[in-house]
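What follows is the residue order along each chain.
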Amino acid sequence: MMAKLSKKERDALGASIQQENEMLKRVVKVARNASIALAISLLLVFWGFTGMKDAFLPDISDGVRNVVKWIALITAVLSFIMLVFALVARHNGRKHVLKNIDRYQGKA
């Protein structure tokens, strides 16, 4: 069993929990932005590799289409990697915050 925390340690732990909670909120925003970037880049990859003609942009040359599809593919891969890292960071950070909350409440 763990010894009780002093007032100073308890206040420091509370501040740490609050700071980690703010960082977790930022990680969630990064994950959301990465998923949006992934969706948009996958749509551009699909558009570029299928070669479909649309009424919105009818006069796109094949050279421009090739550049767009490869840039979108690289962006999709990077966005996917960023999304995976953000989700893992959120999972691990959340476990750590919950463990610190238990320590703060004297349960652990």
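The model shown is predicted, which means the values in this text are computed figures rather than measured ones.

**With respect to the overall build of the protein**
When you go through the protein residue by residue, the secondary structure sums to 2 helices and 0 strands. A globule of 108 residues ought to have a C-alpha radius of gyration of about 13 Å, yet the protein, at 23 Å, is considerably larger. Counting only C-alpha atoms, the protein reaches 70 × 20 × 15 Å along its principal axes. Taken across its 108 residues, the protein has 19% of its residues classed as buried. Long-range contacts, defined as pairs at least 24 residues apart, comprise 77% of the intrachain contacts of the protein with a sequence gap of at least 6. Taken as a whole, the protein presents about 8100 Å² of accessible surface, with 67% of it coming from carbon and sulfur. Averaging the locations of the 17 positively and 8 negatively charged side chains of the protein gives two centres separated by 8 Å.

**Focus: the side chain of E20**
As for its placement among the helices and strands, E20 is situated in helix α1 (residues 7-50). No salt bridge forms around the buried E20; measuring N to O, its nearest opposite-charge neighbour R103 is 8.4 Å away. Look past the residues within four positions of E20 in its chain and what remains in contact with it is H96, V97 and N100.

**Details of the packing of aromatic side chains**
Enumeration according to the criterion identifies 1 aromatic pair in this entry. The positively charged end of R10 is found above the aromatic ring belonging to Y104, 4.1 Å away from the centroid. Taking the ring centre of W47 as reference, the NZ or CZ of R65 above it sits at 4.2 Å.

**Considerations on the packing of α1 against helix α2 (residues 62-105)**
As a packed pair, α1 and α2 sit with axes 6 Å apart at the nearest point and diverge in direction by 160°. Relative to α2, the element α1 lies roughly antiparallel. Regarding α1 and α2, the two cross each other, and that crossing is left-handed. Residues that form the contact of α1 with α2 fall into these classes: 29 nonpolar, 11 polar and 7 charged.

**What about the environment of L73?**
Inspection of the secondary structure puts L73 in helix α2. In this structure L73 comes out as partly exposed when scored by relative accessible area, which is 29%. Along the sequence, L73 and S41 sit 32 residues apart, while their C-alpha atoms lie 6.7 Å from each other. Apart from the residues within four sequence positions on either side, L73 is in contact with V45 and F49.

**Some points on the pattern of salt bridges**
Scanning the entire structure with this criterion turns up 2 salt bridges. D11 is the salt-bridge partner of K7, the closest N and O atoms lying 3.8 Å from each other. You can see K7 and its partner D11 sitting in helix α1, 4 residues apart, about one turn around the helix. By relative accessible area, which is 44% here, D11 ends up partly exposed. A salt bridge links E22 to K25; the nearest nitrogen and oxygen atoms lie 3.7 Å apart. Residue E22 and its partner K25 are located together in helix α1, separated by 3 residues, close to a single helical turn.

Rules and cut-offs
- Residues numbered from 1 in each chain as written.
- Predicted model: local features only at pLDDT ≥ 70, side-chain atom pairs only at ≥ 80, totals over all residues.
- Heavy atoms only, no water.
- Helix = DSSP H or I, 4+ residues; strand = E, 2+ residues; numbered from the N terminus.
- Rg over C-alpha atoms; globule rule 2.2 N^0.38 Å.
- Buried < 20%, exposed > 50% of the residue type's maximum accessible area, 1.4 Å probe, protein only.
- Contact = heavy atoms within 4.5 Å.
- Areas by Shrake-Rupley, 256 points an atom, 1.4 Å probe, with all protein chains shown as cover.
- Lys, Arg positive; Asp, Glu negative; His and termini not counted.
- Charge placed at Lys NZ, Arg CZ, Asp CG, Glu CD.
- Salt bridge = Lys/Arg side-chain N within 4 Å of Asp/Glu carboxyl O.
- Phe/Tyr/Trp six-rings, centres within 6.5 Å; stacked < 30°, edge-to-face > 60°.
- Lys NZ or Arg CZ within 6 Å of the ring centre and 35° of its normal.
- Axes fitted to C-alpha atoms, helices over the stretch in contact; angles between N-to-C directions.
- Parallel < 35°, antiparallel > 145°, perpendicular 65-115°, else oblique.
- Left-handed = near helix turned anticlockwise from the far one by under 90°.
- Nonpolar A, V, L, I, M, F, W, Y, C, P; charged D, E, K, R; others polar.

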